[in-house]
Amino acid sequence: WISETIGDIYFQSFPGSCALVLDQDAAAHVVIATTPDWVETGLPSAAMYLTNKDGYWNWTTFGSCQYGDLFAPAVAIDSAGTVAAAYAAVNDCTPHGLWYRYRTGPQIENWSLERVDDAPSLYGHVALAFDEAGRAHLCYDQDAGGTILKYALRTGSAWQREIVEPVARGVPVGHGFQRRE
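The following refers to the structure shown. (Residues numbered from 1 in each chain as written. Predicted model: local features only at pLDDT ≥ 70, side-chain atom pairs only at ≥ 80, totals over all residues. Heavy atoms only, no water.)

1. Digging into the overall build of the protein chain
The secondary structure content of the protein chain amounts to one helix and 12 strands. Relative to its full complement of 181 residues, the protein chain shows a buried share of 44%. Here the protein chain displays about 10,000 Å² of accessible surface, and carbon together with sulfur accounts for 50% of that area. (Helix = DSSP H or I, 4+ residues; strand = E, 2+ residues; numbered from the N terminus. Buried < 20%, exposed > 50% of the residue type's maximum accessible area, 1.4 Å probe, protein only. Areas by Shrake-Rupley, 256 points an atom, 1.4 Å probe, with all protein chains shown as cover.)

Okay, here's the thing in structure tokens:
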């Protein structure tokens, strides 16, 4: 194993989670969601995008929440090479819900922002994938007095959402899609 420190990111010592995808040139694209204790540190939760596409690590913060938590990041690349990400904003985040972002230009700071679901209590697992037509698909779970598995499909600029099924509390959605043949 070869390990590498990705710069001096001031959130790196706080709890969080990450997602990783490699592009066709084997460059890494990472999304990190951190949840520092804001009472203790004064720092907000943050969603960050990192890449070594240019041969060195570069990063940007593209989401933050002062009093709640950002977590369950997912990242994928569509057939055109566009990087997309999703993450949950919960607890006291304003606005809360499931968020979807995609790169809108060559600069690392150029990202769209779309709210997929305004559910206040997402449970913490998100999976993102693209179909052959380039449409984004999301699978995620919501804690609504019992965990509910949800699915969303991006059709143009809108999201179609549906409940897949209620699932047992504490059973994770998983971290990827498997295509049925």
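2. Concerning the packing of aromatic side chains
Here a ring pair, both rings aromatic, is described through the centre-centre distance and the interplanar angle of the planes. One pass over the full model with this rule turns up five aromatic pairs. Relative to Trp111, the ring of Phe62 lies with its centre 4.8 Å away and its plane at 75°, an arrangement referred to as edge-to-face. Placement of Phe62 in strand 4 (residues 58-65) and of Trp111 in the loop between strand 7 (97-102) and strand 8 (114-117) is noted, with a sequence separation of 49 residues between them. Its relative accessible area of 11% is what places Trp111 among the buried residues. Cluster of aromatic residues (ring-pair linked, three or more members): Tyr49, Phe62, Tyr87 and Trp111. (Phe/Tyr/Trp six-rings, centres within 6.5 Å; stacked < 30°, edge-to-face > 60°.)

3. Section: the side chain of Lys150
When you line up the elements, Lys150 lands in strand 11 (residues 147-155). Judged by relative accessible area, Lys150 falls into the buried class, the value being 11%.

4. Description of the nonpolar core
Membership of the largest hydrophobic core comes to 20 residues, with the highest contact counts inside it found for Val116, Val126, Leu128, Leu138 and Tyr140. Where this core is concerned, the elements lending two or more residues are strand 5 (69-77), strand 6 (83-90), strand 7, strand 9 (122-130) and strand 10 (136-143). Once residues lying within four places of it in the same chain are set aside, the contact partners of Val116 are Leu98, Trp99, Tyr100, Leu138, Tyr140, Ala152, Trp159 and Arg161. Formed by 18 residues, the second largest nonpolar core is a distinct cluster that contains Ala19, Leu70, Val75 and Val83. (Core = buried A, V, L, I, M, F, W, Y, C linked by side-chain atoms within 4.5 Å. Contact = heavy atoms within 4.5 Å.)

5. Thoughts on the pairing of strand 2 (residues 28-34)
Most of strand 2 is tucked away: seven of the seven residues are buried. The side-chain alternation of strand 2 yields two buried faces, one formed by Ala28, Val30, Ile32 and Thr34 and the other by His29, Val31 and Ala33. Both strand 2 and strand 3 (residues 45-51) contribute to a ladder of six bridges, which runs antiparallel. Its bridge partner being in strand 3, His29 is matched across the sheet by Thr51. (Pairing = 2+ DSSP bridges.)

6. Notes on the environment of Ala72
Looking at where Ala72 falls in the secondary structure, it is placed in strand 5. Relative accessible area serves as the criterion here: at 8%, Ala72 is assigned to the buried category. Put simply, Ala72 and Tyr87 are 15 residues apart on the chain and 5.4 Å apart in space, counted from C-alpha to C-alpha.

7. Structural notes on the sheet that holds strand 8
Taken in spatial order, the four strands of this open sheet run 5-6-7-8, and their pairing is antiparallel. Sheet topology places strand 5 and strand 8 at the edges, where each strand pairs with a single neighbour. Geometrically, the sheet is characterised by an average inter-axis angle of 25° between neighbouring strands, direction not taken into account. In terms of strand pairing, strand 7 meets strand 8 through three bridges, oriented antiparallel. The partner of Leu98 across the bridge, within strand 8, is Asp117. (Axes fitted to C-alpha atoms, helices over the stretch in contact; angles between N-to-C directions.)

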